[in-house]
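Next come the chains, spelled out residue by residue.
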Amino acid sequence: QVALVESGGGLVQPGGSLRLSCAASGRIVNSYATGWFRQAPGKEREVVAAINWTGRSTYYADSGKGRFTISRDNAKNTVYLQMNSLKPEDTAVYYCAARLDSNWRVNHKEYNYWGQGTQVTVSS
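Colleague: Which residues make up the packing of aromatic side chains, and what are the values?
Modeller: In this structure the tally under the stated criterion is six aromatic pairs. Ring geometry for Tyr 59 against Trp 104: centres 5.4 Å apart, planes inclined by 40°, an arrangement best described as tilted. Of the two residues, Tyr 59 is situated in strand 6 (residues 58-60) and Trp 104 in the loop between strand 9 (92-99) and strand 10 (113-114); the sequence distance between them amounts to 45 residues. Trp 104 gets classed as partly exposed once you look at its relative accessible area, which sits at 23%.

Colleague: Outline the pairing of strand 3 (residues 18-25), supporting the account with residue identities and numerical values.
Modeller: One ladder, built from five bridges, connects strand 1 (residues 3-7) with strand 3; its direction is antiparallel. Residue pairing in the sheet places Glu 6 in a bridge with Cys 22 of strand 3. Where strand 3 and strand 8 (residues 78-83) come together, six bridges link them in antiparallel fashion. Its bridge partner being in strand 8, Leu 18 is matched across the sheet by Met 83.

Procedures and definitions
- Residues numbered from 1 in each chain as written.
- Predicted model: local features only at pLDDT ≥ 70, side-chain atom pairs only at ≥ 80, totals over all residues.
- Heavy atoms only, no water.
- Phe/Tyr/Trp six-rings, centres within 6.5 Å; stacked < 30°, edge-to-face > 60°.
- Helix = DSSP H or I, 4+ residues; strand = E, 2+ residues; numbered from the N terminus.
- Buried < 20%, exposed > 50% of the residue type's maximum accessible area, 1.4 Å probe, protein only.
- Pairing = 2+ DSSP bridges.

Here it is as structure tokens:
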């Protein structure tokens, strides 16, 4: 009923920036919170940031705090992740996820819908 598509990934040099987008399609029946997660090869999926339906409450993992900013535009059914001062350790596949509730969670198991992911590679 809800489909998510990520975009904006790519190759960037250390210290550079990327802006990821997560567009939702399908019938939106409920308010939904959105999270960004990432998974590097050989590692478990980890939360990056999350945002509630109104955009007035956000969460940032320590890994990206001060460098990443999550936002949303509900008129466009789109959530963004602005990533600045990127480091090689940020290299991963980034996924957006939605849960049919206004409030965010940090556990990936509490999200109902997932995008296919977009690759972010930070390398010189």
